[in-house]
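# Commentary on secondary and tertiary structure
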Amino acid sequence: MAEIPKVYESQAIETKWYSFWEENECFTAKPERVSDERPAYSIVIPPPNVTGKLHMGHVLNNTIQDILARKARMDGKEVLWLPGTDHAGIATQSVVERKLRKEGVMKHRDDLGREKLLEHIWEWKEKHGGIIIEQLKKLGASCDWSRLRFTMDEGYTKCVQRVFVDLYKKGHIYRGKRMVNWCPKSLTALSDEEVIMKEQNSQLYYFKVEVVEEPGTWLEIATTRPETIPGDSGFAVNPNDPRYAHLIGKHAVRPLPVENQAHLPIVADEHIDIEFGTGVLKVTPAHDKADFDIGQRHGLEVIDILEPDGKMNRLAGVELAGMDRFEARKAAAAKLEEMGALTKAEDYKNKVGFSERADVPVEPRLSEQWFLKYPSQDAARACVADGAMKFYPERWSKTYDYWMGGLQDWCISRQLWWGHRIPVWYRGEEIHCDLDAPEGEGWEQDPDVLDTWCSSWLWPFATMGWPEETETLNKFYPTTDLVTGPDIIFFWVARMIMAGYEYKGDLPFRNVYFTGIIRDKKGRKMSKSLGNSPDPLELIAQYGADALRFGTMRSAPLGLDVLFDEKDVELGRNFCNKLWNACRFRQMQGGESEGEISTEQLTSDDKWILRRLGQAIDDVTTALEAYRFSDATAALYRFFWSEYCDWYIESCKATFFGDDETCKANVLAVVDFVMGNTLRLFHPFLPFITEELWHGLGYSGDLPVEQGGKTIMTANWPKVFDASFNELYELDDTVDCLVAAKHDLVTQGRNLRAAYNIPFNKKIDYMFSPGGKSDANEVEVLKVLLNAESVSLDSEVPKGTPRVGSPFGDLYLPLEGLIDFDAERKRLAKELGKTEKEIAKVESKLNNPSFAERAPAEVLDEQRQRLAVWQAKRGQINEAICNLSN
RNA sequence: GCGCGCUUAACUCAGUGGUAGAGUGCUACCUUCACACGGUAGAAGUCGUUGGUUCAAAUCCAACAGUGCGCACCA
C-alpha cells in the first residue's frame with residue numbers, strides 16, 4: 001500500500017468504492033442463495049417522490065436502512081434492499097404544470113389536454129426522475145439497483161388495477177355522493193389524512209334573523225363564514241335549550257342574498273352546543289360536514305353556492321357571485337352591517353383544514369367520488385397489538401391502534417391526470433369494472449385517477465413481482481424491517497399492513513422503525529421557506545458521506561426528533577480523520593503482522609484493549625439489535641477514540657519505540673486484530689473509509705472471498721468473545737482493574753505536572769514505587785504516558801515531594817529542590833477537602849441504623865469499601881501534609 | 001377536550017432505586033516523531049416544581065408548571 005496521506009480525502013475514495021461495489025454486484029440479492037444457513041433479510045425503501053431531491057430526512061432514513069442492510073450482510077444473510085420511486089400524484093403534476101405555465105406552454109391543463117400533459121410529465125420524469133437515485137448512491141446506499149421500481153411501471157400499474165377490481169368485486173370499493181375535502185387550488189378531492197388543521201386568527205360574526213311567525217322576535221347567530229349565508233337552508237338549536245324551545249318548528253328569515261330572503265325552518269338537533277356562541281347554528285348543508293348531517297336528519301335543502309375553484313356562484317346572489325370566497329366573506333359581513341343585521345364581530349381563533357399539498361383552506365364539498373372500506377382491518381390491528389409486528393419506539397403502536405379503531409372510509413379518487421386511471425368504464429347506466437376496457441362501442445373510462453397511496457400501500461409485495469408467485473416474494477416477503485417517519489403512519493404504514501394481510505395473508509414487515517423528524521439546531525422544522533435545510537450533497541462534498549452518516553446517526557436517538565447541526569457532520573469528519581490516522585500510524589510501524597498473537601507476550605495493555613474490544617463488540621451489537629443507532633455510534637466513538645487511541649496506541653509506543661522485535665511483532669498482531677475488528681464494527685456506519693482501510697492495511701489479503709477477501713462488506717460481523725477465547729488470552733476483570741489503576745495513576749501524574757505549571761512538552765523525571773509486581777515494560781509505558789524523561793524506581797524521595805497514588809503504585813514528582821511548599825500545601829488541602837466530603841457522605845449513610853438494617857448486604861459492603869478507600873486516601877494526604885511541615 | 005412525548009452542565013443528549021455521565025462548547029497549557037480535523041489538564045449541575053413511597057429517588061407514584069406533537073372538535 002502506498003503511503004497514506006495525512007488527511008483523509010473522502011471524494012475520490014467514495015467514488016472508487018461505490019463503483020467497485022456496483023461492478024461486483026455487491027448489492028444484488030439472489031433469492032436462490034437463501035437457505036437455512038443463509039437466512040433472508042429484506043427491506044423496501046420508502047419510495048421518495050420522483051420529483052424529489054435528497055434532503056436531510058432522506059439522509060437519516062436511508063442511512064439507517066443502509067446500516068441495517070450492511071450489518072445483515074456481515075451477519076451472513078442474503079440481503080434485499082429494494083429501491084424505487086413514487087409517482088406522487090398531486091406533487092408531481094403541480095410541479096410540471098407550474099413549469100409549463102412558466103415556459104408559456106400552457107395556461108391551464110385543459111389547453112393541452114390529458115394526453116399531451118401526461119406526455120410532458122413522463123418526459124420530465126425520464127429526465128429528472130433519476131436524480132434522487134444518484135444522490136442516494138452518493139450517500140453510500142447499498143440498494144439492489146437492478147430491482148429499481150417506480151409506482152407507475154407497467155407491471156406495478158397492473159397490480160394497482162388488479163387490486164381495485166378485486167376490492168370492487170368484494171364490495172370494498174363503492175362510488176357515492178358524499179361530503180369530501182375539496183382542494184379549490186388543486187381542484188381535486190382529498191382524503192382526510194391530506195387535510196392539515198391549522199389555527200387561524202378569524203372573526204366571529206354575530207348577526208340576527210327575525211322569526212317569521214313572531215315578528216319582532218330575533219335570533220342571534222354566530223358564524224365565522226358569513227359568505228355561506230346564501231347557502232343556509234335552516235337554523236338549528238338544541239332541543240334542551242329552554243331559550244329557544246318555543247321556536248322549534250317555526251321559521252326565520254335568511255338575510256342573504258337580499259333578492260332571495262327565504263324563510264328557513266328552525267329545527268332541533270342534539271349536535272348543537274348550548275354553550276357556544278348564542279346556541280343557534282345556521283345550517284349550511286352544502287359546505288360543512290356537520291351541517292350536511294344535520295340537513296340530512298331534517299330534510300333540509302342542499303344549496304351549493306361555490307364553484308370548484310372557491311369562487312361564489314350565482315346562487316350566492318348578485319352581490320357575491322363571482323367573488324373569491326375570502327373576498328365574499330368581507331362583502332357579506334359588510335352587507336349585513338349595512339342592513340343593520342350585524343350585531344357584533346369579535347376576534348376569534350379557530351382551526352381550519354388546509355390542503356396538505358396546495359396549502360389553501362379546503363372546502364367541504366358534496367361530490368361523487370370513489371371510496372374504499374378498508375379490508376383486513378382486524379388482522380392489521382391485531383398484529384401490532386399482539387406483538388407479531390414490533391414498532392420502535394413502541395409508543396407509536398398506541399397511535400396506530402387508536403387510528404385503526406376509528407377507521408373512516410378512504411376517498412380514493414382524485415381529479416388529476418397523473419396517476420393510475422380508475423379501471424371503470426361507463427355506458428349510460430351500465431358500469432364495467434375490470435382490468436381491460438369492455439367490448440363494444442360507447443364506453444367511457446372514468447376520468448379520475450387514484451390517490452397516490454393507493455399504489456404505495458402495495459409497495460412491499462408489488463415490487464417483488466406480485467401477483468406472480470416469484471422466487472423473490474417467496475424468499476423475501478414478509479420483509480424484515482421498515483424504516484420511515486411517524487408522519488406517514490396512517491398514510492402509508494397502516495395501509496400497507498392492511499394490504500399485506502389482504503393480498504399476501506401475512507404482515508408486510510416484522511419491525512417498523514420510526515425515525516425522528518429532522519429539525520434545525522433551534523428545533524424548527526426544516527423547510528424551504530426558512531432556508532434552514534442544508535443540502536446533503538454539499539455536506540457530502542465538504543465533509544464526506546461517512547462523516548454525514550456518522551454525524552447524523554450520532555445525534556439521532558431512538559424516539560426523539562433530530563436537531564441537526566453542521567457541527568455534527570464536522571465531528572463525523574474529524575472522527576474519520578482520526579480513524580484514518582490511527583491506521584496511518586499502524587502502517588508506519590512496519591509491514592503486515594505475521595503469525596498469531598502469543599499469549600506469553602501479551603502486556604497488560606494488550607489484554608486490556610482486547611477486553612475493551614470485546615465490550616465494544618457487545619455494546620454495538622446489542623445497540624443495533626435494539627435499533628439504538630446513537631448508542632451504537634457512542635460506543636464506537638468511546639472505544640475507538642477514548643480507549644484505543646488515547647490509551648492503547650499511546651502505551652504501544654513504549655514497545656514501538658523500543659528495540660525488542662519480538663515484542664513489537666506481537667503488539668502489531670494485537671493492533672491488527674483490534675483494527676480488523678474495529679473496521680468491521682464501523683463498516684455499516686462508515687462504509688467508504690472502512691473499505692479503503694480494510695484493503696490499505698491488507699486485512700482483505702488472506703481471507704476467503706465470502707469473509708471479506710474481496711470487500712469488507714462480506715466480512716463477518718465480529719462475535720462477542722467466548723469463554724475459550726478469554727481463557728486463551730487470559731482475559732478477565734483483574735486486567736481491567738490493573739489497567740484502570742494505571743490510567744488513574746497516569747492521570748494524577750499528569751495532573752501534578754499541570755498543578756505545577758510544567759508544560760507537557762517538557763520532559764521531566766518521575767519516581768515510581770509500584771503497588772504490586774511491575775515489570776520493565778510497565779515502567780516504560782508509564783514513561784511514555786507521562787511524557788517523562790525517566791521514571792526511576794529506587795531513588796530516595798526527598799521530603800515534601802508531591803506524590804499521587806493508586807492501587808497501581810505511588811508516583812512522585814521531584815522538583816529538584818525547588819518544591820513550592822505553599823503550592824503543594826494548597827493542592828493537598830484541596831484534595832483533603834474533597835476527600836473529607838466523600839467520607840462524610842458515606843459515614844452518614846453507614847451511621848444511619850435503618851440503612852444498616854435494611855439495605856442489602858452487597859450495598860452495605862460496597863459502602864464500607866468506599867469508606868475504606870477514602871479513608872486510606874485521607875491518611876496519605878495527611879501524611880504528605882505532615883511531611884511538608886517538618 | 002382526549003392521547004402521546006419531553007424537561008439532567010452553556011448546548012445536544014445518556015442515565016429503571018445505591019459514588020450524577022458523554023460529546024460539543026468554555027478555560028489554561030502544548031506544534032512531542034498517527035492525527036491541531038490533534039494532545040493534556042481543568043472549571044462547570046438545587047437532575048422543571050411540590051408532595052408521596054423507600055433505609056435510600058434523576059430513577060417509582062401523584063399533582064402542578066413549562067414545552068412539543070398527534071387526534072377530535074363549537075358554528
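A brief report on the enclosed structure follows. Bear in mind that the values here come from a model prediction, so they are computed numbers and not experimental data.

## Some words on the protein's contact with RNA strand B
Phe276, Arg554, Asn581, Arg584 and Arg854 are the nearest of the 57 residues found near RNA strand B. Of what RNA strand B places within 4 Å of the protein, 62% of the atoms are sugar or phosphate. With respect to RNA strand B, the side chain of Arg554 contributes an N or O atom lying 2.5 Å from a sugar or linking oxygen. Of the residues in the surface near RNA strand B, the class split is 27 nonpolar, 12 polar and 18 charged.

## Some remarks on the sheet that holds strand S9 (residues 234-237)
If you trace the 4 strands from one edge of the open sheet to the other, you get S10-S11-S9-S12, paired in mixed fashion. Bordering the open sheet on either side are strand S10 (251-253) and strand S12 (280-283), each of which pairs with just one other strand. Adjacent strand axes in the sheet meet at a mean angle of 35 degrees, parallel and antiparallel pairs treated alike. Relative to strand S11 (residues 263-268), S9 runs parallel, the two being bridged by 3 bridges. Paired with Ala236 across the two strands is Val267, which belongs to S11.

## A short note on the environment of Ser10
Mapped onto the elements, Ser10 comes out in helix H1 (residues 10-23). On the accessibility criterion, Ser10 (8% relative accessible area) is buried. For the pair Ser10 and Gly216, spaced 206 residues apart in sequence, the C-alpha separation works out to 84 Å.

## Structural notes on the packing of aromatic side chains
Throughout the structure, instances matching the rule amount to 44 aromatic pairs. Ring plane angle 70 degrees and centroid distance 5.7 Å describe the contact between Phe575 and Phe640, whose orientation is recorded as edge-to-face. Placement of the pair is Phe575 in helix H18 (residues 566-588) and Phe640 in helix H20 (residues 629-656), with a sequence separation of 65 residues. On the basis of relative accessible area, Phe575 is assigned to the buried category, the value being 0%. For the pair Phe585 and Phe656, a centre-to-centre distance of 5.8 Å together with 65 degrees between the ring planes defines the contact as edge-to-face. Here Phe585, found in helix H18, pairs with Phe656, found in helix H20; they are 71 residues apart in sequence, far enough to count as distant. Pair check on accessibility: Phe585 and Phe656 agree, each one buried. Three or more aromatic residues joined by ring pairs make a cluster, and in this case those are Phe550, Phe575, Tyr637, Phe640, Trp641, Tyr644, Tyr648 and Phe682. The ring of Trp182 has Arg365 lying over it, and the distance from NZ or CZ to the ring centre is 4.5 Å. Residue placement shows Lys653 over the ring face of Phe585; its charged tip is 5.5 Å from the ring centre.

## Remarks on the packing of helix H16 (residues 536-543) against helix H17 (residues 545-554)
The interhelical angle for the contact between H16 and H17, taken along N-to-C directions, is 115 degrees, at an axis separation of 7 Å. By the angle class used here, H16 and H17 are roughly perpendicular. Taken together, the residues of H17 that come into contact with H16 (itself represented by Pro536, Leu539, Ile540 and Tyr543) are Ala545, Ala547 and Leu548. Taken together, the residues that form the contact of H16 with H17 break down as 7 nonpolar, no polar and no charged.

## Some remarks on helix H19 (residues 604-625)
Under the 1.5 Å per step criterion, the end-to-end length of H19 is 32 Å for 22 residues, consistent within 8% with the ideal 32 Å. With respect to burial, H19 is a largely interior element, 16 of its 22 residues being buried. Phi for Tyr627, located one or two positions after H19, is positive at around 60 degrees.

## Observations regarding the pairing of strand S28 (residues 803-806)
Here S28 pairs with strand S29 (residues 809-812) via 4 bridges, running antiparallel. Note that in S29 the partner of Arg803 across the bridge is Tyr812. Count of turn residues in the S28/S29 antiparallel hairpin: 2 residues.

## A look at a positive patch on the surface
Taken together, the side chains of Lys53, Arg98, Lys102, Lys185 and Lys528 make up a positively charged region of the molecular surface. With respect to the helices and strands, Lys53 occurs in the loop between strand S1 (40-44) and helix H2 (56-74). Note on Lys53: relative accessible area 56%, which makes it exposed.

## Remarks on the nonpolar core
In this structure, Leu458, Phe640 and Tyr644 are the most contacted members of the largest nonpolar core, which totals 191 residues. Residues contacting Leu458, with those up to four places away along its chain left out, are Tyr156, Cys159, Val160, Val163 and Ala499. Formed by 29 residues, the second largest nonpolar core is a distinct cluster that contains Leu256, Leu264, Ala316 and Leu342.

## Digging into the state of the cysteines
Under the defined criterion, the tally for this structure stands at 0 disulfides. Lacking any disulfide linkage, Cys159 is separated from the closest cysteine sulfur, that of Cys454, by 14 Å. Considering cysteine sulfurs only, Cys454 is the nearest to Cys411, which forms no disulfide, with 9.4 Å between them. Look at Cys411 and you get buried, because its relative accessible area is 5%.

## Some words on helix H8 (residues 289-298)
The complete set of buried residues in H8 reads Asp291, Phe292, Ile294 and Gly295. Taken around the axis of H8, the buried residues stretch over an arc of 165 degrees, which confines them to a single face. Set apart from the buried face of H8 by more than 90 degrees, the exposed residues are Gln296 and Arg297. Where H8 is buried, its residues meet strand S5 (173-183), S12 and strand S14 (363-372). N-cap assignment for H8: the residue whose side-chain oxygen lies 2.9 Å from the backbone N of Ala290 is Asp288. In the stretch just after H8, Gly299 is the one whose phi turns positive, near 65 degrees.

Conventions adopted
Residues numbered from 1 in each chain as written. Chains lettered and ligands numbered in written order. Predicted model: local features only at pLDDT ≥ 70, side-chain atom pairs only at ≥ 80, totals over all residues. Heavy atoms only, no water. Near = heavy atom within 4 Å. Polar contact = N/O pair within 3.5 Å; in protein donor to acceptor, adjacent residues only side chain to side chain. Nonpolar A, V, L, I, M, F, W, Y, C, P; charged D, E, K, R; others polar. Pairing = 2+ DSSP bridges. Helix = DSSP H or I, 4+ residues; strand = E, 2+ residues; numbered from the N terminus. Axes fitted to C-alpha atoms, helices over the stretch in contact; angles between N-to-C directions. Buried < 20%, exposed > 50% of the residue type's maximum accessible area, 1.4 Å probe, protein only. Phe/Tyr/Trp six-rings, centres within 6.5 Å; stacked < 30°, edge-to-face > 60°. Lys NZ or Arg CZ within 6 Å of the ring centre and 35° of its normal. Parallel < 35°, antiparallel > 145°, perpendicular 65-115°, else oblique. Contact = heavy atoms within 4.5 Å. Expected span 1.5 Å × (residues − 1). Patch = residues over 30% accessible without salt bridge, like charges linked within 9 Å, V, L, I, M, F, W, Y side chains within 5 Å. Areas by Shrake-Rupley, 256 points an atom, 1.4 Å probe, with all protein chains shown as cover. Salt bridge = Lys/Arg side-chain N within 4 Å of Asp/Glu carboxyl O. Lys, Arg positive; Asp, Glu negative; His and termini not counted. Charge placed at Lys NZ, Arg CZ, Asp CG, Glu CD. Core = buried A, V, L, I, M, F, W, Y, C linked by side-chain atoms within 4.5 Å. Disulfide = S-S within 2.5 Å. Arc of directions from axis to C-beta.

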